[in-house]
Amino acid sequence: MAGRGTNELAVKQRRLTPKGRATRDRIVSVAAELMHEHGVAGTSLGDVQKAAGVGASQVYHYFGDKQSLIRAVIAYHTEAILGTVRPHLGRLDSMEALRAWRDMLVTNLRQRNCEGGCPLGSLVAGLAEDFPECRADLAGGFDQWEAAVRDGLEAMYDRGDLRRKADPARLAVALLAAVEGGTLLAQLHRDPAPLETALDEVLDRIEDLRPRRAQPRL
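Residues numbered from 1 in each chain as written. Predicted model: local features only at pLDDT ≥ 70, side-chain atom pairs only at ≥ 80, totals over all residues. Heavy atoms only, no water.

**Focus: the layout of surface pockets**
Gaps left between atoms are located by rolling a probe of water-molecule size over the structure's atoms. The test is simple: Buriedness for pockets is judged along seven lines, at least five of which must meet protein on both sides within 12 Å for an open set on the 1 Å grid over protein atoms alone, while cavities are sets there where a 1.4 Å probe fits but cannot get out, and lining residues have an atom within 4 Å of a point. Grid points are joined across faces, edges and corners, and a volume is the space filled by probe spheres set on the points. Numbering of helices and strands starts at the N terminus; helices are DSSP runs of H or I of at least 4 residues and strands are runs of E of at least 2. Ten residue types, Ala, Val, Leu, Ile, Met, Phe, Trp, Tyr, Cys and Pro, are classed as nonpolar, four, Asp, Glu, Lys and Arg, as charged, and the remainder, Gly among them, as polar. For every domain, the bounds stem from an assignment made automatically or drawn from a database.
There is about 520 Å³ of room inside the largest pocket. What lines the largest pocket is a set of 20 residues, and nearest its centre among them are Ile-81, Arg-112, Gly-117, Cys-118 and Pro-119. The element that contributes the greatest number of residues to the lining of the largest pocket is helix H5 (residues 66–89), accounting for five residues. Considered class by class, the residues forming the lining of the largest pocket number 12 nonpolar, six polar and two charged. The two domains that each donate at least three residues to the lining of the largest pocket are domain 1 (17–64) and domain 2 (75–208).

**Points about helix H2 (residues 18–38)**
For clarity, the threshold we go by: Multiplying one less than the number of residues by 1.5 Å gives the expected span of a helix. Only protein chains enter the accessibility calculation, which uses a 1.4 Å probe. A residue is then buried if its area is under 20% of the maximum for its type, exposed if over 50%, and partly exposed in between.
For H2, spanning 21 residues, the distance from its first C-alpha to its last is 30 Å, which sits close to the expected 30 Å at 1.5 Å a residue. For H2, the full list of buried residues reads Gly-20, Thr-23, Arg-24, Ile-27, Val-28, Val-30, Ala-31, Ala-32, Leu-34 and Met-35. Following H2 by one or two positions, Gly-39 has its phi on the positive side, about 85°.

**Details of the packing of aromatic side chains**
Test applied: The rule is short: rings of Phe, Tyr and Trp, with Trp giving its six-membered ring, pair when the centres are within 6.5 Å, and they are stacked under 30 degrees, edge-to-face over 60, tilted in between. The criterion is that NZ of a Lys, or CZ of an Arg, lies within 6 Å of the ring centre and within 35 degrees of the ring normal, and then a charge sits over that ring.
According to the stated counting rule, one finds two aromatic pairs in the structure shown. Judged by centre distance (6.1 Å) and plane angle (20°), the ring pair of Phe-142 and Trp-145 falls under stacked. One end of the pair is Phe-142 and the other is Trp-145, both in helix H8 (residues 132–159) and three residues apart, which spans about a single turn. Residue Phe-142 shares its accessibility class with Trp-145, and that shared class is buried. Arg-164 extends its terminal NZ or CZ atom over the ring of Tyr-157, reaching a point 4.0 Å from the ring centre.

**Considering the nonpolar core**
In plain terms, the rule: Residues enter a nonpolar core if they are buried and are Ala, Val, Leu, Ile, Met, Phe, Trp, Tyr or Cys, with the set joined through side-chain atoms within 4.5 Å. When checking whether two residues touch, look at their non-hydrogen atoms; a contact exists if any pair is within 4.5 Å.
Of all hydrophobic cores here, the largest spans 59 residues; its most connected members are Ile-27, Leu-98, Trp-101, Trp-145, Leu-153, Leu-175 and Ile-206. Only H2, helix H3 (45–52), helix H4 (56–63), H5, helix H6 (95–111), H8, helix H9 (168–189) and helix H10 (193–208) provide two or more residues apiece to this core. Inspection of this core shows a minimum of three residues originating in each of domain 1 (17–64) and domain 2 (75–208). Discounting residues that sit within four places of it in the chain, Ile-27 has contacts with Val-48, Ala-52, Val-54, Gln-58, Val-59, Tyr-62, Phe-63 and Leu-69.

**Observations regarding the pattern of salt bridges**
Between side chains of opposite charge, pairing is possible as soon as their charged atoms come close. Keep this limit in mind: Salt bridges are defined as contacts in which a side-chain nitrogen from Lys or Arg sits within 4 Å of a carboxyl oxygen from Asp or Glu.
The tally for this structure, following the rule as stated, stands at 13 salt bridges. Put simply, Arg-159 and Asp-161 hold a salt bridge, and the shortest N to O gap is 2.7 Å. It is possible to trace a salt-bridge network through shared partners that takes in Arg-102, Asp-103, Arg-110, Glu-196 and Asp-200.

**A few points about unusual backbone geometry**
A positive phi is found at Cys-114, a non-glycine position, where the angle reads about 60°. Its location among the elements puts Cys-114 in the loop between H6 and helix H7 (124–127). Cys-114 sits in the buried class, given a relative accessible area of 2%.

**Observations regarding the environment of Gly-141**
Of note, Gly-141 is situated in helix H8. Each C-alpha atom, one on Gly-141 and one on Ile-81, is 9.3 Å from the other, the two residues being 60 residues apart in sequence.

**Some remarks on the packing of H8 against H9**
Defined as follows: As a rule, the C-alpha atoms of each element are fitted with a line to give its axis, helices using only the stretch in contact, and angles between N-to-C directions run from 0 to 180 degrees. Roughly parallel covers angles under 35 degrees, roughly antiparallel covers those over 145, roughly perpendicular covers 65 to 115, and oblique covers all other angles. Each crossing gets its hand from how the near helix is turned against the far one by less than a right angle, where anticlockwise is left-handed and clockwise is right-handed.
The geometry of H8 relative to H9 is characterised by a closest axis approach of 8 Å and an angle of 130° between their N-to-C directions. Looking at the two axes, H8 sits oblique to H9. You can see that H8 and H9 cross each other, and the crossing is right-handed. On the side of H8, the interface is formed by Phe-142, Trp-145, Glu-146, Val-149, Arg-150, Leu-153, Glu-154 and Tyr-157, while H9 contributes Pro-168, Ala-169, Leu-171, Ala-172, Val-173, Leu-175, Leu-176, Val-179 and Glu-180. Considered class by class, the residues forming the contact of H8 with H9 number 13 nonpolar, no polar and four charged.

Dropping the structure here:
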């Protein structure tokens, strides 16, 4: 069901004129900002219409109902997250790259004063139980993120940079859980330390899974 709906949205987007796509993109961007700030329940289609400077007919033309707009917002946040980290994810096949990615995540959170949390993660609480199609879209977004992390770890494993006992899939889940949990606690305390700690613990575990190098004789 969710896959079919996503395909239908993609077909509609391909049919848009450049002007229509720009209008649609503006509506989604504004909706994403409002939902991140006020929550899904606290954001109405009227709020989005007013903030985007469009007519009600335009909102309904592009999305039909609020759930369709929510799903577009999920796709928007997924692409934004992957777009931010994709240059790093392409090189997440060494400890140096993993720690650089960790530093980038902490720096970005600190620059935001730890406000807002993860845009994708913040949607889970409001959507996971009552909107099954949206839950599927959220899961798909996290799956893409996890897969990108896992690809780098698998490259390390295939090169022999991780011992045979290492499980790249489990490590990718642990890293993603560290990002989400650490970000949530950092948001609560307005302090990036929980994110730093969570990521460092997982990265230290990955470091421990590297092959033992023979020490040169003196």
